[in-house]
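# Examining the three-dimensional arrangement
What follows is each chain in one-letter form.
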Amino acid sequence: MKIVLSLGGSVLLGGGFEEMAERIKEFAEAINRLSEKHSVFVVVGGGKIAREYINVARTVGADETYSDYIGIEVTRVNAMLLNFALKNSPKIIPEDFRAAYELSLTHPIVVMGGTFPGHTTDATAALLAEFVKADLLLNATSVNGVYSADPKKDENAKRFEKLSFEELTEIVAKGETKAGSSNVVDLLAAKIIQRSRIKTIIFLGTPENILKAVKGDVTNIGTIVEG
Ligand code: UTP
């Protein structure tokens, strides 16, 4: 299979700087295993560090587009860290989808960060999946799937094990809640996934769960989105 893995910055770097190297190695090991059977693309997010940089940029007067470029650079630095821990990826971070595709012709794993302003790496990963005609989009995030409402605020919030493409867009478009709930992916990502009918799994991003999700097993860890 051809797989695009969206690895949220907060997932990869969540534990802080002390644990960072260990976490990167653990994720790299899972991705190496994935690449034994599949062609793998990884899109790395910016996490807390990107948000801190963006806040500083705004405070010194940067506009939103400029701030997005700062976020993109941070995602690329994170991608460089993961890249070096992997076995068979080129030591190049492609800056657009065509370059990523080209590298994938000769390498089993290609790692990249963001591309252009205006969205997050969720959408980058969905666009990449569309461009390379991926069989599966794995979205490793900090919650165990898509909920009907914010589970921290609404005790009746329901976690979905399965959603249609249309249902995902509908839930994300409501957008009344933030991280940890229905806005688990951004709206552009949901729309790209819907228009290209890309089978997607949104799941709690741990190295073990990546290997579980690829088998289509989302019990307690995530949501499958398909037609
Ligand atoms: P992220 O994808 O990390 O955003 O990109 P996030 O919402 O913080 O996601 P998590 O928490 O890591 O899962 C960081 C920032 O970089 C810019 C945006 O400003 C985004 O918020 N960015 C990223 C772009 O403008 N374009 C891209 O293709 C990627």
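Now for a description of the structure that goes with this document. (Residues numbered from 1 in each chain as written. Predicted model: local features only at pLDDT ≥ 70, side-chain atom pairs only at ≥ 80, totals over all residues. Heavy atoms only, no water.)

All right, on to the sheet that holds strand 3 (residues 109-112) then. Spatial ordering of the open sheet is given by 3-2-1-4-6-7-5, a layout of seven strands whose pairing is mixed. A strand with exactly one partner marks an edge of an open sheet, and here the two such strands are strand 3 and strand 5 (162-163). Relative to strand 4 (residues 136-141), strand 1 (residues 2-7) runs parallel, the two sharing five bridges. The partner of Leu7 across the bridge, within strand 4, is Ala140. (Pairing = 2+ DSSP bridges. Helix = DSSP H or I, 4+ residues; strand = E, 2+ residues; numbered from the N terminus.)

This paragraph deals with the pattern of salt bridges. All chains considered together, the criterion is met by nine salt bridges. Across the pair Arg195 and Glu130 runs a salt bridge whose closest N-O atoms are separated by 2.7 Å. Remark: Glu130 occurs in helix 6 (residues 121-132) and Arg195 occurs in helix 8 (residues 187-196); sequence separation between them is 65 residues. For Arg197, the salt bridge is made with Glu166, and the minimal N-O distance between the two is 2.9 Å. A residue pair is termed long-range when its members are at least 10 positions apart, and Arg197 in the loop between helix 8 and strand 6 (200-204) and Glu166 in helix 7 (residues 165-174) qualify at 31 residues. The class of Arg197 is partly exposed, set by a relative accessible area of 44%. Using a relative accessible area of 34% as the deciding quantity, one classes Glu166 as partly exposed. A single network of salt bridges, built from pairs that share partners, joins Glu73, Arg76 and Glu95. (Salt bridge = Lys/Arg side-chain N within 4 Å of Asp/Glu carboxyl O. Buried < 20%, exposed > 50% of the residue type's maximum accessible area, 1.4 Å probe, protein only.)

Here the focus is a negative patch on the surface. On the surface, Glu22, Glu26, Glu29 and Glu208 cluster together into a negatively charged patch. At three residues, the largest contribution of residues to the negative patch is made by helix 2 (residues 17-37). (Patch = residues over 30% accessible without salt bridge, like charges linked within 9 Å, V, L, I, M, F, W, Y side chains within 5 Å. Areas by Shrake-Rupley, 256 points an atom, 1.4 Å probe, with all protein chains shown as cover. Lys, Arg positive; Asp, Glu negative; His and termini not counted. Charge placed at Lys NZ, Arg CZ, Asp CG, Glu CD.)

This next bit is on the packing of helix 3 (residues 47-59) against helix 4 (residues 64-85). With their axes 9 Å apart at the nearest point, helix 3 and helix 4 run at an angle of 150° to one another. As judged from the angle between their axes, helix 3 and helix 4 are roughly antiparallel. Helix 3 and helix 4 meet at a crossing whose hand is right-handed. Where helix 3 abuts helix 4, its residues Ile49, Ala50, Tyr53, Ile54, Ala57 and Arg58 lie against Glu64, Ser67, Ile70, Gly71 and Val74. (Axes fitted to C-alpha atoms, helices over the stretch in contact; angles between N-to-C directions. Parallel < 35°, antiparallel > 145°, perpendicular 65-115°, else oblique. Left-handed = near helix turned anticlockwise from the far one by under 90°. Contact = heavy atoms within 4.5 Å.)

So, about the pairing of strand 4. Across the six residues that make up strand 4, a large majority, six, are buried. By the alternation rule, side chains of strand 4 split into Leu136, Leu138 and Ala140 and Leu137, Asn139 and Thr141, which are all buried. Of the pairings in the sheet, the one linking strand 4 to strand 6 comprises five bridges and is parallel in character. By the bridge assignment for strand 6, Leu137 is matched with Thr200.

A separate point is the layout of surface pockets. Once rolled over the atoms, a probe with the size of a water molecule shows which space is left empty. Estimated volume of the largest pocket: approximately 970 Å³. Forming the boundary of the largest pocket are 41 residues, of which Gly47, Arg51, Thr120, Thr121 and Asp122 lie nearest the centre. Elements supplying a minimum of two residues to the lining of the largest pocket: helix 1 (9-13), helix 3, helix 4, helix 6 and strand 4. Sort the elements by how many residues they give to the lining of the largest pocket and helix 3 lands first, with six residues. Of the residues in the lining of the largest pocket, the class split is 13 nonpolar, 22 polar and six charged. Estimated volume of the second largest pocket: approximately 200 Å³. Around the second largest pocket sit Arg33, Leu34, Glu36, Lys37, His38, Leu211, Val214 and Lys215, which together line it. (1 Å grid on protein atoms, 1.4 Å probe; cavity = no way out; pocket = protein on both sides within 12 Å on 5 of 7 lines; lining within 4 Å. Points joined across faces, edges and corners; volume = space filled by probe spheres on them. Nonpolar A, V, L, I, M, F, W, Y, C, P; charged D, E, K, R; others polar.)

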